[in-house]
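Coordinates in review
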Amino acid sequence: MLHSVIMVFLVLITAGLLIAQNVSMNVQSSTADKAMSIAQVVARVPHVQQALLSDNPSETLQPFAERWRVATDAAFIVISNMEAIRFSYPIPEKIGTPMANLYRDPVLQGNEYVYIGKGSLEPSLRANVPIFHPDTGLQIGFVSVGYYLKDINETFMESFKQILFALFVGLMFSVAGAVYLSGNVKKAIFGLEPYEIATILKERTATLEAIREGVVAVDVEGRIRLVNNEAAKVLGIEEQAVIGKQVDDLIPRSGLNEVIRSGSAIYDEEHYVGNTIILANSVPIIVDQKVSGAVITFRDRTEVNRMAEALTGVHSFVDILRAQTHEFKNKMHTISGLIQLGQYDEAIRFATDGNISRQGLFNQLNGRIRDSVIFGLLLGKASVMREKGIEFSIDAESYLEELPIHVTSGDIVLVLGNLLQNAIEALANTEEKLIYVSILQDVAELTILVQNSGPWIDKDVAATIFQMGVTTKPDGGGLGLALVSEKLQLIGGSIVQSNLPLGGVQFAVTIPYSQGW
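Residues numbered from 1 in each chain as written. Predicted model: local features only at pLDDT ≥ 70, side-chain atom pairs only at ≥ 80, totals over all residues. Heavy atoms only, no water.

Some words on the overall build of the protein
Here is the rule: Secondary structure elements follow DSSP: runs of H or I no shorter than four residues count as helices, runs of E no shorter than two count as strands, and numbering proceeds from the N terminus. Residue exposure (1.4 Å probe, protein chains only): buried if accessible area is under 20% of the type maximum, exposed if over 50%, otherwise partly exposed. Contacts: residue pairs with any heavy atoms within 4.5 Å of one another. Residue-level accessible areas treat just the shown protein chains as cover; the underlying method is Shrake-Rupley with a 1.4 Å probe.
What the protein contains, in helices and strands, is 17 helices and 14 strands. The buried share of the protein, taken over its 517 residues, is 39%. Contacts in the protein between residues far apart in sequence, at least 24 positions, make up 56% of those at least 6 positions apart. Accessible surface for the protein amounts to roughly 28,800 Å². Of this, 57% is attributable to carbon and sulfur atoms.

This is the structure in structure tokens:
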């Protein structure tokens, strides 16, 4: 049926296009003839010629041109001298001003012509005719008569309506006949057209290749029928090489045979495939109330865990605890050595120096950063930076009494933790290691600034730096800043990256309080 409908449709469309083209040409040609006739008459009116030679041409030409414009339904009648100065114009304010810079060489050389152009007014079909001195025969100006293209198109559509109606009726009869003749064929292919079947197949293929989970489909005998790119990547195989093989050869103890036998799904199971642990869901394929196969979808558990940690900010606290533990061990070893050397005063001084440093930061933040989770994050990151030899400073005016009602401490930990970690990693290979943080709350918004003294970010990289997978680090995953951007979009915030004039990079985060503070 589809082919028959398409053939009839193409024939009707072709005929319609030819007729439309012919009608359009006729309408445009008749409009051009009309514009040219009006322009020729106006150019030969002695009253117009004499007015052009007067001291104040527009006084006579403007009302004259407007009367003719209204009488002939023209869009405009513009009369000008050889310098293209308007003496009549639909917009009175522009009388006496130069015309738009269009190609007018033919009319300035005494020739008549029709063209389509756009000057100060809408696109229009225009006829230009020279105006000559009544006595000497020398050209003293020209007249331009135009009709807007939109008005010409409306005229064309009015002429074409009956043709369109006839084409539509013919198409409806053709479709009805094709539907009647092809009813049985459609039943055999589940009511789908061949192109619909092809589209469904393409959509399925595109969907399978687009998702970030591995997908393996098997028939009722457990033979592999489909493997997508992600599955091949996780399992380290070639897609076509495993088609037709038993699924247990690819994923030992997959449980798909049990899923096929019972018809019940199994979710969140762990399987070992070589050196990889996958987290899998197995679901039966049921057609006409019968199990005809099964599908297993899975992801590398390591990747799942990494994303979960990044989303929850767990990695930030793990790094903090690791740094504090390492710092404590180093300090205890140093104190032990000083005691063995009998340097008791030095041991006491060394033991209290770090506490004084931490106490100073604690005193600075205490009472100004009321959220204990964010407070703890800053103190912990300070320990990490101290261990890495980074000078960490927090704006003395930093203040955070209450978060926006739609924002949680975990949201800020994800944003601020990732920005601080990004700053720490940016200073890995720099001599000057400085990180500055500012947290300012006002009535309208919460502003967080994180600056580091690392190298500038290239403009091309900066344009996509908040996209998943984009990173400036050789071993980076491009996940942190993407998660920050996604989180800020969810809570109505924004982030802007900029290179500081004196060197270094800044990330500025803004979160509005408008949703409930």
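Some thoughts on the sheet that holds strand β3 (residues 124-132)
Strands in a sheet are paired, the pairing made by backbone hydrogen bonds, and the direction either parallel or antiparallel. For clarity, the threshold we go by: The pairing criterion for strands is at least two bridges between them, as found by DSSP. Each axis is a line fitted through C-alpha atoms, taken for helices only over the stretch in contact, and angles between the N-to-C directions span 0 to 180 degrees.
Ordered by their spatial adjacency, 4 strands build an open sheet running β1-β4-β3-β2, and the pairing between neighbours is antiparallel. Single-partner strands in this sheet number two, and they are β1 (76-81) and β2 (113-117). In this sheet, adjacent strand axes meet at a mean angle of 25° when their direction is disregarded. Each of β1 and β4 (139-148) is contacted by helix α3 (residues 57-72), which is oriented at about 150° to β1, the strand it contacts most.

Observations regarding the sheet that holds strand β10 (residues 391-394)
The strand order across the open sheet built from 5 strands is β10-β11-β12-β14-β13, with neighbouring strands paired in mixed fashion. In this open sheet, the two edge strands, each paired with only one partner strand, are β10 and β13 (494-499). Pairwise comparison of adjacent strand axes, ignoring direction, gives a mean angle of 15° for this sheet. By the bridge criterion, 6 bridges tie β13 to strand β14 (residues 505-512) in an arrangement that is antiparallel. If you follow Ser-498 over to β14, its bridge partner there is Gln-506. Across the sheet, helix α14 (residues 372-387) touches β10 and β11 (434-441), and the angle it forms with β10 is around 155°.

Side note on the pairing of β4
In terms of burial, β4 is a largely internal element, 10 of the 10 residues being buried. The pairing of β1 with β4 spans 6 bridges and is antiparallel. When the sheet's bridge partners are listed, Ile-79 is paired in β4 with Val-143. Bridging between β3 and β4 involves 9 bridges; their strand directions are antiparallel. What sits directly across from Phe-132, in β4, is Gln-139. In textbook terms, the turn of a hairpin is the stretch between consecutive antiparallel strands, and for β3 and β4 this stretch comprises 6 residues, one of which, Gly-137, has a positive phi near 80°.

Focus: the side chain of Asn-128
Put simply, the rule reads: Here a polar contact is taken to be a pair of N or O atoms separated by no more than 3.5 Å, where protein atoms must pair a possible hydrogen donor with a possible acceptor and residues adjacent in sequence count only if both atoms sit in side chains.
Considering the arrangement of structural elements, one finds Asn-128 in strand β3. A distance of 2.8 Å separates a polar atom in the side chain of Asn-128 from a polar atom in the side chain of Ser-144. Beyond its immediate stretch of four places on either side in the chain, Asn-128 contacts Met-36, Arg-104, Val-107, Asn-111, Glu-112, Tyr-113, Tyr-115, Val-143 and Ser-144.

A word on the confidence of the model for the protein
Keep this limit in mind: One number per residue, pLDDT, summarises how confident the predictor is, and it ranges from 0 to 100.
Confidence in the prediction for the protein averages 81 pLDDT; 82% of positions are at 70 or higher. In this model residues 354-358 is a low-confidence stretch, pLDDT under 50, and it forms 6 contacts with partners more than four residues away in sequence or in other chains.

What about unusual backbone geometry?
Even without glycine at this site, Asp-73 takes up a positive phi of about 60°. Secondary-structure assignment places Asp-73 in the loop between α3 and β1. Overall, Asp-73 belongs to the exposed group, its relative accessible area being 62%. For Ala-84, which is not glycine, the phi torsion reads 60° and is therefore positive.

Focus: the pairing of β14
Counting buried residues along β14, 7 of its 8 residues qualify, which places the element largely inside the surrounding structure. Joining the antiparallel neighbours β13 and β14 is a turn of 5 residues, in which Gly-503 adopts a positive phi near 110°.

Regarding α14
Definition in use: For a helix, the expected span equals 1.5 Å multiplied by the number of residues minus one.
When the terminal C-alpha atoms of α14 are compared, their 23 Å separation across 16 residues agrees well with the 22 Å that a helix rising 1.5 Å per residue should span. For α14, every residue scored as buried is listed here: Ile-374, Phe-375, Leu-377, Leu-378, Gly-380, Lys-381, Ala-382, Ser-383, Val-384 and Met-385. At the N-terminal boundary of α14, the capping side chain belongs to Asp-371, with an oxygen 3.0 Å from the backbone nitrogen of Val-373. Looking at the residues trailing α14, positive phi occurs at Gly-389, about 75°.

Comments concerning the packing of helix α15 (residues 409-426) against helix α17 (residues 480-490)
Stated formally: An angle below 35 degrees is read as roughly parallel, one above 145 as roughly antiparallel, one from 65 to 115 as roughly perpendicular, and any other as oblique. The handedness criterion is simple: a crossing whose near helix is rotated anticlockwise from the far helix by less than a right angle is left-handed, and one whose near helix is rotated clockwise is right-handed. Think of it as three bins: nonpolar holds Ala, Val, Leu, Ile, Met, Phe, Trp, Tyr, Cys and Pro, charged holds Asp, Glu, Lys and Arg, and polar takes everything else, Gly as well.
Look at α15 against α17: their axes get within 9 Å of each other, and the N-to-C directions meet at 150°. As the angle between them shows, α15 and α17 are arranged roughly antiparallel. The crossing of α15 and α17 is left-handed. Mapping the contact onto sequence places Asp-411, Leu-414, Val-415, Asn-418, Leu-419 and Asn-422 in α15 and Gly-480, Leu-481, Leu-483, Val-484, Lys-487 and Leu-488 in α17. Counted by class, the contact of α15 with α17 contains 7 nonpolar, 3 polar and 2 charged residues.

What to know about the packing of aromatic side chains
Put simply, the rule reads: The criterion for an aromatic pair is that two Phe, Tyr or Trp rings (for Trp, the six-membered ring) have centres within 6.5 Å, with stacked assigned to planes under 30 degrees apart, edge-to-face to planes over 60 apart and tilted to the rest.
Evaluation of the coordinates by the stated rule reveals 4 aromatic pairs. For the pair Phe-76 and Tyr-148, a centre-to-centre distance of 6.4 Å together with 55° between the ring planes defines the contact as tilted. Separated by 72 residues along the polypeptide, Phe-76 in strand β1 and Tyr-148 in strand β4 bring together distant segments of the chain. Across this residue pair, the class does not change: Phe-76 and Tyr-148 are buried.

A word on the nonpolar core
This is how it is decided: Residue types Ala, Val, Leu, Ile, Met, Phe, Trp, Tyr and Cys, when buried and joined through side-chain atoms within 4.5 Å, form a set referred to as a nonpolar core.
If you look at the biggest cluster of nonpolar residues, it comprises 45 residues, and the most contacted ones within it are Leu-416 and Ile-435. Elements with a minimum of two residues in this core: α14, β10, α15, β11, β12 (445-452), α17 and β14. Setting aside its immediate chain neighbours within four residues, Ile-435 contacts Met-385, Ile-390, Glu-391, Phe-392, Ser-393, Leu-420, Ala-423, Ile-424, Leu-427, Gln-451 and Asn-452. If you look at the next biggest cluster of nonpolar residues, it comprises 32 residues, including Ala-20, Met-36, Val-129 and Tyr-147.

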